[in-house]
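Coordinate analysis (summary)
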Amino acid sequence: ESYTDREFSVLARAHQTVDIVGESRLGLTICNKGKRAGIAVPQIYVRDLLASTVRPIKELKAFARAEIPAGQAVRINFTIPVDMLNFSTADGQRVVEPGEFELQIGASSADIRLRSKVMVSGKLRKLGRDWRMESSAKLNPIR
């Protein structure tokens, strides 16, 4: 069954502003409007809106796989460390800049269903060897 029967809705962020050493949390509800059970793979892309250098239009930062029975819904709670917003400077240093980022949520990079913004606050942060590059997702069926 295709994604046409899946409805992405109820995007909620824990905070509109996130500290540069913190993490962004958001919740997403996906309803299966079809007559058969199906699988959804929501993907979260990020776009840096105020970068000091040219950055990609969207970068995949998190995804989850959810089996959803017909006529039911699932709530997916994502956690994305701010470290994942880093990039390499001309001298090879990994940094995270404060600024505004757009979160793009969809079934694929070409099928963005929801958009939201988050502000990263703090001072430019140089990352050491122990930076976090792993997002997480927790699925909760809605009955």
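In this text the structure is predicted, and so the values were computed from the model without any measurement. (Residues numbered from 1 in each chain as written. Predicted model: local features only at pLDDT ≥ 70, side-chain atom pairs only at ≥ 80, totals over all residues. Heavy atoms only, no water.)

**Some remarks on empty space enclosed by the protein**
Where we set the bar: Both site types are read off a 1 Å grid over the protein atoms alone. A 1.4 Å probe that fits but cannot get out defines a cavity, while an open set with protein on both sides within 12 Å along at least five of seven lines defines a pocket; lining residues have an atom within 4 Å of a point. Grid points are joined across faces, edges and corners, and a volume is the space filled by probe spheres set on the points. Each residue gets one of three labels, nonpolar for Ala, Val, Leu, Ile, Met, Phe, Trp, Tyr, Cys and Pro, charged for Asp, Glu, Lys and Arg, and polar for the others, Gly among them.
Overall, the coordinates contain one cavity of 30 Å³ or more when judged by the stated rule. Within this model, the largest cavity holds a volume of roughly 70 Å³. Looking at the lining of the largest cavity, its residues break down into nine nonpolar, one polar and no charged.

**A short note on the environment of Asp111**
What counts is decided by this rule: Put simply, DSSP H or I for four residues or longer makes a helix, DSSP E for two residues or longer makes a strand, and each gets a number counted from the N terminus. The classification of residues rests on relative accessible area computed with a 1.4 Å probe and restricted to protein chains. Under 20% of the type maximum is buried, over 50% is exposed, and intermediate values are partly exposed. The term polar contact refers here to a pair of N or O atoms within 3.5 Å; inside protein, the definition further demands a hydrogen-donor-capable atom paired with an acceptor-capable atom, and it admits residues adjacent in sequence only when both atoms are side-chain atoms.
Of note, Asp111 is situated in strand E12 (residues 111-121). Taking relative accessible area as the criterion, Asp111 reaches 27% and is therefore assigned partly exposed. Residues Asp111 and Gln43 lie 68 residues apart in sequence; the distance between their C-alpha atoms is 9.7 Å. A polar atom in the side chain of Asp111 sits 3.0 Å from the side chain of Arg113.

**Quick notes on the environment of Thr17**
Put simply, the test is: Throughout, a contact is declared for two residues whenever any of their heavy atoms are within 4.5 Å.
Its location among the elements puts Thr17 in strand E2 (residues 17-19). Here Thr17 falls in the partly exposed class, since its relative accessible area comes to 45%. Taking C-alpha positions, Thr17 is 9.0 Å from Glu100, a pair spaced 83 residues apart along the chain. Setting aside residues up to four positions removed in sequence, Thr17 forms contacts with Met119 and Ser121.

**Remarks on the side chain of Gln43**
The residue Gln43 is located in strand E5 (residues 43-48) in this model. Assessed through its relative accessible area of 16%, Gln43 is described here as buried. A polar atom in the side chain of Gln43 sits 3.3 Å from the backbone oxygen of Ala107. With residues up to four places along the chain from it excluded, the contact list for Gln43 reads Leu60, Ala62, Phe63, Gln104, Ile105, Gly106, Ala107, Ser108 and Ser109.

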